[in-house]
Amino acid sequence: MSALLPLLFGLFGLLLLLLRSRKRRDGEPPLINGWIPFIGKALHFGKDAHKFLEEYKKKYGDVFTVHIAGKYMTFIMDPHLYPSIIRQGRQLDFHEFTGKVAPLTFGYKPVQSDLWEKIRRSFQLLQGDNLQPLTGSMMSNLILVFRQDHLDHGLWRSSSMYDFCSSVMFEATFLTIYGRPAAALRHSDMEALREDFNKFDNMFPLLIAQVPIWLLGQTSAIRKKLIHYFLPERLSRFSNTSEFIKTRVGLFEQESSMKDVDKGAHHFAMLWASVGNTLPATFWAMYFLVSHPEALQTVRREILDVLRDDGVEFSTDSDVKLSKEQLDKLIYLESSINESLRLSSASTNIRVVQEDFSLRLDASRAISVRKGDIIALYPQSMHLDPEIYEDPQTFQFDRFVQDGAEKTDFYKDGQKLRYYLMPFGSGSSMCPGRYFAVNEIKQFLSLLLLYFELELEEGQPRPALDPSRAGLGILLPSTDIRFRYRLRANEA
Ligand code: HEM
């Protein structure tokens, strides 16, 4: 009994510690603890993050702290305050968060800062002049995939739209970034890889929330299989590999202590980065155009005009190639893609506080923040703000076009916004693949609109956004959509 007493006191003390919630200090934003120890408001937030944040904004104003799964997250809701967070350098860090979460999710050892710097430098190979060869290669691969599966006859075919988009974009993006595997690649091999990828992707939100992988059924075995696909000796036999991946292979080769499975896991992580958001983004862009025939006609006309200006008469009998310069001229297509990103993106921009300090938000306001807390921006609230975007739930394909050029002035409270569209994050953590992503979606849609007649099947309402990955990127549709397509007859 006497030995039990200290144990009981110990357990009681631990319980008290867990139950004791944090108290708000002077100068700190309003604090919402939730009544469940550790979990805090995580369940409420996970159910519908946008609604949750809007409710608290009404109650507590533009800045408040919420206890979510053991972390204290301070949300900055007024987009006029975003620049003060995005430009803040030393005391707010992005990579502390990804540096911890990504290794657990994708299964590699945490990376030392000098290698991390080299990896970050390699992201340049997705941008600037390097975009030219990537765009050319993506165009050829898209045509290859369309030719092998869809361009063979002129009869109507029925398909599920999400499945159609992801099958084409997964294969074409894979071939562009990683190249062609040594063994003759069959479409069925790519579909098997995509199936495993989807199984992993379904568990992605739980892995990011740091649920141990051994609690997630087959996920560990599937991840092992996916990593195995990218082991160095396999990857070395791929042909037409992009400079981006070749450089990463070279970087990892120089790391003598790095194991092959860690190298494979890094390559697999890049596969997730390159298609995880692109597939749903492509779906929404296609869905909104097909469900708005007048927008589809304008965009199709624009593509034909750009080709014609360069002396190309389009015919369904031949392969069409759009260069990067031609893609840059497609402003209505770009606006349609931006509009669908606005309606489907729900990422959180996260910064970890490096020391207790007073964070200045604007000329008149500062808040006290504590080391280890998270400062979060949630741009979906801005994307759906009726003061910035009139009738925010409606798809307006030309919302981002003004006087024949890209529209960049959007206002709130009569003041022009510096940031108004943020599907790719912001500042130091902004997506390095954003130019490639928008280009490849433009290429996919151009081919689709040029070659096919497209129709939704009857009686299908607009799919809702599936909230399960709110905070992590582009949301998937909660249901797939049936549509019909057939090869166009050549116009006289
Ligand atoms: C529509 C498609 C895409 C969307 C919406 C998207 C969005 C994002 C977002 C929101 C982030 C995190 C930014 C942050 O936390 O602040 C990110 C990071 C990243 N993305 Fe993308 N992305 C897309 C496509 C791509 C593609 C095609 C690639 C590569 C080919 C890519 C490579 C990356 C990488 C490597 C990172 C991590 C950067 C870092 O850790 O510094 N993304 N992306």
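Residues numbered from 1 in each chain as written. Predicted model: local features only at pLDDT ≥ 70, side-chain atom pairs only at ≥ 80, totals over all residues. Heavy atoms only, no water.

- For the chain, the name recorded in an unreviewed UniProt entry is Cytochrome P450 7B1, with Oryzias javanicus as its organism.
- Per UniProt, the chain has the following entry under Cofactor (unreviewed entry): "heme".
- The UniProt entry for the chain carries the following text under Subcellular location (unreviewed entry): "Endoplasmic reticulum membrane". (UniProt positions renumbered as here; feature names shortened; annotations may be inferred.)

**Topic: the sheet that holds strand 1 (residues 31-32)**
And step 1. Sheet architecture is open: six strands sit in the order 1-2-3-10-7-4, paired in mixed fashion. Strands with a single pairing partner mark the edges of an open sheet, and in this sheet they are strand 1 and strand 4 (92-93).
And step 2. Inspection of the sheet shows strand 2 (residues 63-68) paired to strand 3 (residues 71-76) by six bridges, in the antiparallel sense. Residue pairing across strands places Ile68 opposite Lys71, the latter belonging to strand 3.
And step 3. Here helix 3 (residues 49-60) sits on the sheet and contacts strand 1, strand 2 and strand 3; the angle it forms with strand 2, its principal contact strand, is near 130°. (Pairing = 2+ DSSP bridges. Helix = DSSP H or I, 4+ residues; strand = E, 2+ residues; numbered from the N terminus. Contact = heavy atoms within 4.5 Å. Axes fitted to C-alpha atoms, helices over the stretch in contact; angles between N-to-C directions.)

**With respect to the sheet that holds strand 15 (residues 452-456)**
And step 1. Pairing in this open sheet of three strands is antiparallel, and the strands run 5-17-15 from one edge to the other. Whereas interior strands pair on both sides, the edge strands pair on one side only; in this sheet they are strand 5 (157-160) and strand 15. In this sheet, adjacent strand axes meet at a mean angle of 30° when their direction is disregarded.
And step 2. Pairing between strand 15 and strand 17 (residues 482-487): five bridges, direction antiparallel. Bridge pairing links Glu453 to Arg486 in strand 17.

**Details of the domain arrangement of the chain**
And step 1. Partitioning the chain into structural domains gives domain 1 (25-106 + 349-380) and domain 2 (113-348 + 381-487).
And step 2. Distance from the C-alpha centre of domain 1 to the C-alpha centre of domain 2: 29 Å.
And step 3. Taken together, the contacts link 27 residues of domain 1 with 40 residues of domain 2.
And step 4. Roughly 2,900 Å² is buried in total at the junction of domain 1 and domain 2, and carbon and sulfur atoms are behind 60% of that figure.
And step 5. Of all residues in domain 1, His80, Phe106 and Gln380 give up the largest surface area on contact with domain 2, accounting jointly for 28% of the area buried on that side.
And step 6. Taken together, the connections running from domain 1 to domain 2 amount to zero salt bridges.
And step 7. Connecting domain 1 to domain 2 are 14 residue pairs in polar contact (both at pLDDT 80 or more).
And step 8. Mapped onto the side of domain 1 that touches domain 2, the elements with two or more residues apiece are helix 2 (42-47), helix 3, helix 4 (82-86), helix 5 (95-106), strand 7 (349-353) and strand 10 (374-377). (Domains from an automatic or database assignment. Buried area = accessible area lost by both parts, 1.4 Å probe. Salt bridge = Lys/Arg side-chain N within 4 Å of Asp/Glu carboxyl O. Polar contact = N/O pair within 3.5 Å; in protein donor to acceptor, adjacent residues only side chain to side chain.)

**Points about the packing of aromatic side chains**
And step 1. As enumerated under the stated definition, the model contains 39 aromatic pairs in all.
And step 2. With a centroid separation of 4.9 Å and 75° between ring planes, the pair formed by Phe200 and Phe268 is classed as edge-to-face. Of this pair, Phe200 sits in helix 9 (residues 187-208) while Phe268 is found in helix 13 (residues 260-275), placing the two residues 68 residues apart along the sequence.
And step 3. Residue class for Phe268 comes out buried when judged on its relative accessible area of 0%.
And step 4. Judged by centre distance (4.8 Å) and plane angle (5°), the rings of Phe288 and Phe395 are stacked. One end of the pair, Phe288, is in helix 14 (residues 278-290); the other, Phe395, is in the loop between helix 18 (380-383) and strand 11 (401-402), with 107 residues separating them in the sequence. For the pair Phe288 and Phe395, one class covers both residues: buried.
And step 5. Clustering of aromatic rings is evident, with ring pairs tying together Phe146, Phe164, Phe444, Phe452, Phe483 and Tyr485.
And step 6. The cationic tip of Arg234 hangs over the ring face of Tyr229; the distance from NZ or CZ to the ring centre is 4.5 Å.
And step 7. Over the ring of Phe410 we find Lys407; its NZ or CZ atom is 4.7 Å from the centre of that ring. (Phe/Tyr/Trp six-rings, centres within 6.5 Å; stacked < 30°, edge-to-face > 60°. Buried < 20%, exposed > 50% of the residue type's maximum accessible area, 1.4 Å probe, protein only. Lys NZ or Arg CZ within 6 Å of the ring centre and 35° of its normal.)

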